[in-house]
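Chains, contacts and geometry: an overview
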Amino acid sequence: MENRQPPSGTREHDRLAEATGRLEDGLHDANPWYQWGPYLAERAWGTVREDYSDSGDAWSYFPHDHARSRAYRWNEDGMAGISDIGHEFCLALALWNGADPILKERMFGLTGPQGNHGEDVKDYWWYLQGLPSHALLQWRYHYPQAEFPYQDLIDENARRGKEDFEYELLDTGVFDDKRFWIVDVTYAKASPTDLLMRIDITNNGPDEATIDVLPTGWFRNTWRADDNGDLPDLALRDGEVVLEHHRLGGYRLQAAVTGEGTEPQAVFCDNETNVPKIFGGEPITAYPKDGINDHVVSGADTVNPDQRGTKMSWRYQLSVPAGETVQLRLRLADAESALREPDWAGTYFDETLADRQRDADEFYAALAPADTDPERMRILTQASAGLIWSKQMYSYDVTRWLDGDPAQPAPPPGHRAGRNTGWRHVDANDILAMPDPWEYPWFAAWDLAFHAVPWAHLDPAFAKYQLVILLREWFQHPNGALPAYEWSFDDVNPPVHALAALRVFIIDGAKDVQFLERVFQKLLLNFTWWLNRQDPDGNNIFGGGFLGLDNISPVDRSHLPPGSKLEQSDGTGWMAYYSSAMLGIAQHLADFDPVYEDMVTKFLEQFALIGEALERSGLYDQEDGFFYDRYTDASGHGSAIKVKSLVGVIPALAAATVSIDDASRAQRLRKRFRRRFRDVEHQNRRSWRIRSDETGQTTVLLSVLNVEQLRKLLGTVFDEDALLSPYGLRSLSKEYTVPYELPNEAGAIIDYEPAESRTDMYGGNSNWRGPIWFPVNYLAIRALVQYGKFFGEETKIPFPTGSDTELTYFEIAQEMAERLIAIWLPDADGRRPVYGGTEVFQTDPAWKDNLQFNEHFHGDNGAGLGATHQTGWTALVIDLLLSPPNDHPH
């Protein structure tokens, strides 16, 4: 249902309503249930923020091998981790199977240059439960009992080429005979400052096995940057670890004896770089960051005998029979809560976890439609859990990063003149929804807009905050641009912020006009930036470079040869889309304040100008019924890039309906646009179509295509031999199994690649040359809803193309949603398309019901590809489940 808000009457709703949740008023003034959450990244090594190199090679400057020994500057990482909202204290999990050369403290994966298809994580873990308040969080990991094959993964993937599959952890044989540990970590809050942690260790193998389990807490190292002497402290006192920190106060970290009688040992070191190992200099401390690692793995004397420091672990040494489970219990509580005995084996601990599980069941049952079956509920809860676990604390002061810290050596010249130098105003210290906590542990502007839509169903305050925050003065550029993503703030992402704001407003009940107005004012600056910066000829034909679609073109659209020029169908289509979304916002605002009538007129006009520019541009091929980019080389020779891809579909997504049922508004609009409303013959123009019903209400459809052009283009879109897959729209037509080569441009070739990318463009870790991508599929569904609102039930078109079945636009939108949802649903044989031919995922009870939400999906069979935990924009499946296109479409 539309206007669906988090279910009122549930305890989770009460928690979310406890405060406004407007984090920009101050992190520590946020809703108290937000004070602790899953804000810890799963990878901080190899990121831009930790890169102080001269060359800007982030992967090499801070590799995985340094992560256990080298203190981070801006971020922290860990497994199943949480932190306070200021990211001062982190709590996560470490494991040792007795065979590995290092503790398993963080997920392992290949860097961009190491992977034969770009960066790629090589561990298996899932997010199973999550509440938006973080009152319940559940995480699962499969840890091999044999030695983790770090070097084998590196060597074999280095041997493989672009034509080969990626070499995965399952391929190494390390999980043979089911010899692995199933590790479940559950957090449950008794109150905002009283957190219970349960760790279930299950021996899935056929024999008894041993394992060290080390729940680990540490302070983020903020003291070295300023050398201010404000050093926090962890110390063992009376059987519990006491946290002394000037912001956190006196929290306690407690650990219980297991039911089998195993008592944990507290071991301490310092979250300081092992300088002799990393840099060859003098040590800062005898107990550096890797002190616990060296002590556990090799027995080194590298933990503090005084049992204090800035990093510590509760070390459990367990021997677990085959098929058995051992449960560990810990508690992190403020000083006042810690005065109450934890009652480890009694009602306090068990009932708190049971209560939070009931809260989660109640929350999602109230959120979902009444007829939601168990498999769709599984998709809903696990997609929501992934979205919730993907929250991170994002700290990045670009000026400080470029110039260096006062107490540290100055960075090299290449760093100070390198990436993001035009963004010195960026000074972030915020909780953001990340695309993927391992592969993309940093925000991306257009990803974040899509994240906000499913978040609006779970926690509207947080959804609105995500959209507002990038428009604040410490993110948005003074010239109006939005920062694209950490690797290059200067890159240009598609302008989907306005659409996201409109969807969030509607999902939240269409009442928070203040939010909508706040976003609209800042988006006006961004819209003007697009007009001034991305329309070089001033003719409403826009560029923008790769526009998030990475390698979708035979030419690298962000790095053209000198003297050449590219007119982009999708750049212009995105601006038509932007205009229609801004128009939608202006209409809602005008209902509350007539001042915004001018903005309704403004964006009606802007849409018309872009539509007319497209009509004149020649980017639309009348014979093919498709939009193509136009490339002009340095000699002035121009030609269309005649490739049927999502580039040519984007202009058709710019569809909006305008209902003019207010007489005075209709009169003003007719006066301003008398040329466009003049007579019936103009109703078939590309930009405008008009319909009046028997009551006199006028409805205007804004579209850059007329009826016949729309039908012809959709004929390609819904052709199963072209763009339509059983699981959504492909990014490139299947017809290019025979490659396309751009005339007179050597090497400009593109072919249909339904799985991993075979090009190094943009690192090779993403592929828009065939696979199914959720964000553009989602926008296509929203556009079909708009067409349905105008054409109604009487207009039907063939679906799929060439079939005898004809459906309305509403019905096609619903069918498209079902194809996307089917990626995770078991088929008649009980196999989930998302897991393709990986047999253990399909049939083994320990694996098959744990869902991953990938970055993109195979163009023919729906198998998951790319980042394995991209529950950012792929979590749009939540909106498809909770707001079916056929159900009160808006």
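The rules behind each value
Residues numbered from 1 in each chain as written. Predicted model: local features only at pLDDT ≥ 70, side-chain atom pairs only at ≥ 80, totals over all residues. Heavy atoms only, no water. Helix = DSSP H or I, 4+ residues; strand = E, 2+ residues; numbered from the N terminus. Rg over C-alpha atoms; globule rule 2.2 N^0.38 Å. Buried < 20%, exposed > 50% of the residue type's maximum accessible area, 1.4 Å probe, protein only. Contact = heavy atoms within 4.5 Å. Core = buried A, V, L, I, M, F, W, Y, C linked by side-chain atoms within 4.5 Å. Phe/Tyr/Trp six-rings, centres within 6.5 Å; stacked < 30°, edge-to-face > 60°. Lys NZ or Arg CZ within 6 Å of the ring centre and 35° of its normal. Pairing = 2+ DSSP bridges. Axes fitted to C-alpha atoms, helices over the stretch in contact; angles between N-to-C directions. Polar contact = N/O pair within 3.5 Å; in protein donor to acceptor, adjacent residues only side chain to side chain. Expected span 1.5 Å × (residues − 1). Salt bridge = Lys/Arg side-chain N within 4 Å of Asp/Glu carboxyl O. pLDDT = per-residue confidence, 0-100. Parallel < 35°, antiparallel > 145°, perpendicular 65-115°, else oblique. Left-handed = near helix turned anticlockwise from the far one by under 90°. Nonpolar A, V, L, I, M, F, W, Y, C, P; charged D, E, K, R; others polar.

1. Observations regarding the overall build of the protein
From N to C terminus, the protein includes 26 helices and 35 strands. The C-alpha radius of gyration computed for the protein amounts to 28 Å, which stays within 12% of the reference 29 Å derived for 890 residues, consistent with globular compactness. Seen through its principal axes, the protein has C-alpha atoms that stretch 90 × 60 × 60 Å. Across the 890 residues that make up the protein, the buried fraction comes to 65%. For the protein, the share of sequence-separated contacts (at least 6 apart) that also reach a separation of at least 24 residues comes to 72%.

2. Digging into unusual backbone geometry
With an omega of -10 degrees, the peptide bond between phenylalanine 799 and proline 800 qualifies as cis. Structurally, proline 800 is set in the loop between strand E32 (797-798) and strand E33 (806-807). The residue alanine 80 is not glycine, and still its phi comes out positive at about 55 degrees. On the accessibility criterion, alanine 80 (1% relative accessible area) is buried. At alanine 510, a position not held by glycine, the phi torsion is positive, near 55 degrees. Structurally, the position occupied by alanine 510 is in the loop between helix H15 (497-507) and helix H16 (513-533). Using a relative accessible area of 27% as the deciding quantity, one classes alanine 510 as partly exposed.

3. A closer look at the nonpolar core
In terms of nonpolar packing, the biggest core is built from 261 residues, with Trp139, Val183, Ile199, Val213, Phe718 and Trp824 touching the most fellow members. Apart from residues no more than four positions distant in its own chain, tryptophan 824 is found in contact with Ile379, Phe774, Arg832, Val834, Leu851, Gln852, Phe853, Phe857, Thr874 and Val877. Counting 12 residues, the second largest nonpolar core, distinct from the first, contains Val555, Tyr740, Leu742 and Ala748.

4. Details of the packing of aromatic side chains
The geometry of two aromatic rings is summed up by the distance between their centres and the angle between their planes. A complete count under the given rule lists 63 aromatic pairs for this structure. Ring geometry for tyrosine 485 and phenylalanine 546: centres 6.4 Å apart, planes at 85 degrees, overall edge-to-face. Taken together, the residues span a long stretch of sequence, with tyrosine 485 in the loop between helix H14 (460-469) and H15 and phenylalanine 546 in the loop between H16 and strand E20 (565-567) at a distance of 61 residues. An aromatic cluster is defined as three or more aromatic residues linked by ring pairs; in this entry it consists of Tyr52, Trp74, Tyr394, Tyr396, Trp401, Trp423, Phe443, Phe475 and Phe489. The ring of phenylalanine 62 carries arginine 70 above its face, with NZ or CZ at 4.2 Å from the centroid. The positively charged end of lysine 391 is found above the aromatic ring belonging to tyrosine 34, 4.9 Å away from the centroid.

5. Focus: the sheet that holds E20
Pairing in this open sheet of three strands is antiparallel, and the strands run E20-E23-E24 from one edge to the other. Each edge of the open sheet is held by one strand with a lone partner, namely E20 and strand E24 (638-641). Strand-to-strand, the axes of this sheet are offset by a mean angle of 25 degrees, without reference to chain direction. Alignment of strand E23 (residues 629-632) against E24, held across four bridges, turns out to be antiparallel. Residue arginine 630 lies in a different strand from E24, and its bridge partner there is alanine 640.

6. A word on the environment of lysine 277
With respect to the helices and strands, the residue lysine 277 is situated in helix H6 (residues 275-278). Since its relative accessible area comes to 42%, lysine 277 is described here as partly exposed. Each C-alpha atom of the pair lysine 277 and valine 595 lies 65 Å from the other, and the pair is 318 residues apart in sequence. For lysine 277, the contacting residues outside a window of four places in its chain are Arg68, Ser69 and Asp290.

7. What to know about helix H22 (residues 707-717)
Taken together, the buried positions of H22 are Gln709, Leu710, Leu713, Leu714, Gly715, Thr716 and Val717. Of the residues flanking the start of H22, the one acting as N-cap is asparagine 706, its side-chain oxygen 3.1 Å from the backbone nitrogen of glutamate 708.

8. Focus: the environment of proline 38
Turning to its location among the elements, proline 38 is positioned in the loop between strand E1 (36-37) and helix H2 (58-61). Its relative accessible area of 0% is what places proline 38 among the buried residues. Each C-alpha atom of the pair proline 38 and cysteine 90 lies 9.5 Å from the other, and the pair is 52 residues apart in sequence. Beyond its immediate chain neighbours, meaning those up to four positions away, proline 38 contacts Gly81, Ile82, His134, Leu137, Ile388, Trp389 and Lys391.

9. Re the pairing of strand E11 (residues 233-237)
Bridge analysis of E11 against strand E12 (residues 240-244) gives five bridges, and the strand direction is antiparallel. Within E12, the position partnered with aspartate 233 by the bridge is glutamate 244. Inspection of the sheet shows E11 paired to strand E15 (residues 308-309) by two bridges, in the antiparallel sense. Its bridge partner lying in E15, leucine 234 is registered against glycine 309.

10. Let's talk about helix H17 (residues 569-592)
Its 24 residues give H17 an end-to-end C-alpha distance of 35 Å, which sits within 8% of 34 Å, the value for a rise of 1.5 Å per residue. Counting buried positions along H17 gives 21 out of 24 residues, so the element sits mostly inside the fold.

11. Side note on the pattern of salt bridges
Opposite charge on two side chains permits them to pair, given that their charged atoms come into close proximity. For the structure on display, the rule yields 56 salt bridges. A salt bridge links aspartate 212 to arginine 315, with the nearest nitrogen and oxygen atoms 2.7 Å apart. Taken together, the positions of aspartate 212 in strand E10 (residues 209-219) and arginine 315 in strand E16 (residues 311-320) put the pair 103 residues apart, joining distant regions of the chain. For aspartate 879, the salt bridge is made with arginine 503, and the minimal N-O distance between the two is 3.0 Å. Of this pair, aspartate 879 sits in helix H26 (residues 877-882) while arginine 503 is found in helix H15, placing the two residues 376 residues apart along the sequence. In this structure, a network of salt bridges that share partners links the residues Arg11, Glu12, Arg15, Arg356 and Asp359.

12. Some words on the confidence of the model for the protein
Residues with a pLDDT of 70 or more make up 94% of the protein, whose mean pLDDT is 92. Taken as a whole, residues 679-684 scores under 50 in pLDDT and shows nine contacts with residues more than four places along the chain or in a different chain.

13. Quick look at the sheet that holds E10
Ordered by their spatial adjacency, six strands build an open sheet running E1-E2-E3-E10-E16-E14, and the pairing between neighbours is antiparallel. The open sheet has two edge strands with one neighbour each: E1 and strand E14 (265-269). Sheet topology note: the strand E2 (residues 79-84)/strand E3 (residues 89-96) ladder contains three bridges and is antiparallel. For serine 83, the partnering residue across the bridge sits in E3 and is cysteine 90.

14. Some remarks on the packing of H14 against H16
Interhelical geometry of H14 versus H16 gives an angle of 20 degrees and a closest axis separation of 10 Å. In terms of orientation, H14 and H16 fall into the roughly parallel class. Judged by the twist between their axes, the crossing of H14 over H16 is left-handed. Only Phe515, Arg518 and Val519 of H16 make contact with H14, whose side of the interface consists of Lys464, Leu467 and Val468. Here the contact of H14 with H16 is composed, by residue class, of four nonpolar, no polar and two charged.

15. What about the pairing of strand E7 (residues 136-144)?
When you tally the buried positions in E7, you get nine out of nine residues, the bulk of the element. The alternating pattern of E7 places Leu136, Gln138, Arg140, His142 and Pro144 and Leu137, Trp139, Tyr141 and Tyr143 on opposite faces, both of which are buried. Pairing of strand E6 (residues 124-130) with E7, which is carried by six bridges, proceeds in the antiparallel orientation. Its bridge partner being in E7, tryptophan 125 is matched across the sheet by tyrosine 141. Taking the residues between adjacent antiparallel strands as the criterion, E6 and E7 are bridged by five residues, where histidine 134 takes a positive phi near 70 degrees. Where E7 meets strand E8 (residues 180-191), nine bridges bridge the pair, whose relative direction is antiparallel. Counterpart to histidine 142 in the pairing with E8 is isoleucine 182.

16. Digging into the side chain of aspartate 629
As for its placement among the helices and strands, aspartate 629 is situated in strand E23. With relative accessibility at 5%, the residue aspartate 629 sits in the buried group. Within the local environment of aspartate 629, its side chain forms a polar contact with the side chain of arginine 557, the two groups lying 3.1 Å apart. Within the structure, the side chain of aspartate 629 is placed 2.7 Å from the backbone nitrogen of serine 569, a separation counted as a polar contact. The contacts of aspartate 629, once residues within four sequence positions are left out, are Arg557, Leu566, Glu567, Gln568, Ser569, Asp570, Leu619, Ser639, Ala640, Ile641 and Val647.

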